[in-house]
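Below are the chains, spelled out letter by letter.
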Amino acid sequence: YMTDDFWIGRYLSNGAVDQSWGSAGQLQVPITAGTDRSIALLVQTDGKIVAVGYVPSDSNGDDVALIRLCP
């Protein structure tokens, strides 16, 4: 479903949702009060999750947003 924040889910190697992470395997990350959209993510070798997307800027258009989450 659509939301105005970055939403990230974490899964175990067997494909099951990691219920021990975030809220039932999901984490909502509000970056601005506007419509934030994550578009790609990467899991680093140390388990940290990097997500990139866009957020509304103060001027016309959007800004890039990058977050890194610890496991």
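Note that the coordinates shown come from a computational prediction; the quantities given were computed from them, not determined experimentally.

**Details of the overall build of the protein chain**
Along the protein chain, the regular secondary structure elements total zero helices and five strands. Along the longest, intermediate and shortest principal axes, the C-alpha atoms of the protein chain span 45 × 25 × 15 Å. Taken over 71 residues, the protein chain has a buried fraction of 25%. Carbon together with sulfur atoms contributes 53% to the accessible area of the protein chain, which is approximately 4900 Å² in total. Looking at the protein chain, you have 4 positive and 8 negative side-chain charges, and the mean spots of the two groups are 12 Å apart.

**So, the pairing of strand 5 (residues 62-69)**
Pairing of strand 4 (residues 49-56) with strand 5 involves eight bridges; the strand directions are antiparallel. Bridge pairing in strand 5 links Val50 to Arg68. The turn joining strand 4 and strand 5, which pair antiparallel and follow one another in sequence, is formed by five residues; a positive phi near 100° is taken by Gly61.

**Description of the nonpolar core**
Phe6, Ile8, Trp21, Val29, Ile49, Ala51, Val55, Ala65, Ile67 and Leu69 form the largest nonpolar core, which has 10 residues in total. Elements supplying a minimum of two residues to this core: strand 1 (6-9), strand 4 and strand 5. Ignoring anything within four residues of it in the chain, the contact list for Trp21 reads Ile8, Gly9, Arg10, Gln26, Leu27, Ile49, Leu69 and Cys70.

**Some words on the side chain of Asp36**
Following the sequence through the fold, Asp36 ends up in the loop between strand 2 (26-29) and strand 3 (37-43). A distance of 2.9 Å separates the side chain of Asp36 from the backbone nitrogen of Ile31, its partner in a polar contact.

**Things to note about the pairing of strand 1**
With burial as the criterion, only one face of strand 1 is covered, namely that bearing Phe6 and Ile8; the residues Trp7 and Gly9 on the opposite face remain uncovered. Looking at chain direction, strand 1 and strand 2 are connected through four bridges and run antiparallel. When the sheet's bridge partners are listed, Trp7 is paired in strand 2 with Gln28.

**Topic: the side chain of Ser57**
Looking at the element boundaries, Ser57 is found in the loop between strand 4 and strand 5. Overall, the relative accessible area of 15% leaves Ser57 in the buried class. Within polar-contact distance, the side chain of Ser57 engages the backbone oxygen of Gly61 at 3.3 Å. Non-local contacts of Ser57, meaning those with residues more than four positions away in its chain, are made with Asp62 and Asp63.

Cut-offs used in this document
- Residues numbered from 1 in each chain as written.
- Predicted model: local features only at pLDDT ≥ 70, side-chain atom pairs only at ≥ 80, totals over all residues.
- Heavy atoms only, no water.
- Helix = DSSP H or I, 4+ residues; strand = E, 2+ residues; numbered from the N terminus.
- Buried < 20%, exposed > 50% of the residue type's maximum accessible area, 1.4 Å probe, protein only.
- Areas by Shrake-Rupley, 256 points an atom, 1.4 Å probe, with all protein chains shown as cover.
- Lys, Arg positive; Asp, Glu negative; His and termini not counted.
- Charge placed at Lys NZ, Arg CZ, Asp CG, Glu CD.
- Pairing = 2+ DSSP bridges.
- Core = buried A, V, L, I, M, F, W, Y, C linked by side-chain atoms within 4.5 Å.
- Contact = heavy atoms within 4.5 Å.
- Polar contact = N/O pair within 3.5 Å; in protein donor to acceptor, adjacent residues only side chain to side chain.

None of the figures reported here should be taken as evidence of function without further support.
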